[in-house]
Amino acid sequence: MNSKVILLKGNGPISINSELLELYPVTTCHGAIGFPLKSLRADKIYIVDSIDEFWQIEKTIKEKPCCFLYSYEKLENEDLKKIHAEEILSI
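Residues numbered from 1 in each chain as written. Predicted model: local features only at pLDDT ≥ 70, side-chain atom pairs only at ≥ 80, totals over all residues. Heavy atoms only, no water.

Draft legend 1. Examining the pairing of strand S6 (residues 66-71) more closely. By the criterion of burial, S6 is predominantly enclosed, with six of the six residues buried. Here S6 shows two buried faces, one formed by Cys 66, Phe 68 and Tyr 70 and the other by Cys 67, Leu 69 and Ser 71. Inspection of the sheet shows strand S1 (residues 5-11) paired to S6 by six bridges, in the antiparallel sense. Within the sheet, the bridge partner assigned to Leu 7 lies in S6 and is Tyr 70. (Buried < 20%, exposed > 50% of the residue type's maximum accessible area, 1.4 Å probe, protein only. Helix = DSSP H or I, 4+ residues; strand = E, 2+ residues; numbered from the N terminus. Pairing = 2+ DSSP bridges.)

Quick look at the structure:
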C-alpha cells in the first residue's frame, strides 16, 4: 500500500518518517512541507479537513508546540495508526 502524501506546518519539533524536523522555520519560510506518511510523532496534532482552513489555521490556533496536518486523500485507520501524539484533534 502506498503512503498518503500529507502537508505539515506549525511550530515545535516533530519526527516525520524517523527524521527530526523543526516546523517553525519551514512554516515561516515555505508555508508548509509535504511528506509521504510513514510515521509522524508530535506533542499535539491537529488534522485539518479543509485545505483553505489549513492555510489559515495558525491565525486562529496559536498553541505551541503544535503540528497541523492536511491530507488530500482521506486518512484511513491504517494511516491514523502511523500518527502518534499526546493529543490528536480533528478540525
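Here the narrative resumes, following the displayed structure.
Draft legend 2. Structural context of the side chain of Ser 71. Within the fold, Ser 71 resides in strand S6. For Ser 71, a relative accessible area of 12% corresponds to the buried category. Within the structure, the side chain of Ser 71 is placed 2.5 Å from the backbone oxygen of Glu 73, a separation counted as a polar contact. In this structure Ser 71 touches Lys 4, Val 5 and Ile 6, once residues within four positions along its chain are discounted. (Polar contact = N/O pair within 3.5 Å; in protein donor to acceptor, adjacent residues only side chain to side chain. Contact = heavy atoms within 4.5 Å.)

Draft legend 3. Highlighting the environment of Tyr 24. Along the chain, Tyr 24 falls in helix H1 (residues 23-30). Each residue touching Tyr 24, except ones within four places of it in the same chain, is listed here: Gly 10, Asn 11 and Gly 12.

Draft legend 4. Geometry of the pattern of salt bridges. Summed over all chains, the structure comprises five salt bridges. Close ionic contact of Lys 44 with Glu 63 constitutes a salt bridge, the shortest N to O distance being 2.7 Å. One end of the pair, Lys 44, is in strand S5 (residues 40-47); the other, Glu 63, is in the loop between helix H2 (51-56) and S6, with 19 residues separating them in the sequence. For Glu 63, a relative accessible area of 32% puts it in the partly exposed group. We note a salt bridge from Lys 44 to Glu 87, for which the minimum N-O separation is 3.4 Å. Here Glu 87 lies in strand S7 (residues 83-90) and Lys 44 lies in strand S5, a separation of 43 residues in the sequence. The partly exposed category is assigned to Glu 87, whose relative accessible area is 36%. Here the salt bridges do not stand alone but share partners, grouping Lys 44, Glu 63 and Glu 87 into one network. (Salt bridge = Lys/Arg side-chain N within 4 Å of Asp/Glu carboxyl O.)

So yeah, pure geometry; function would need other evidence.
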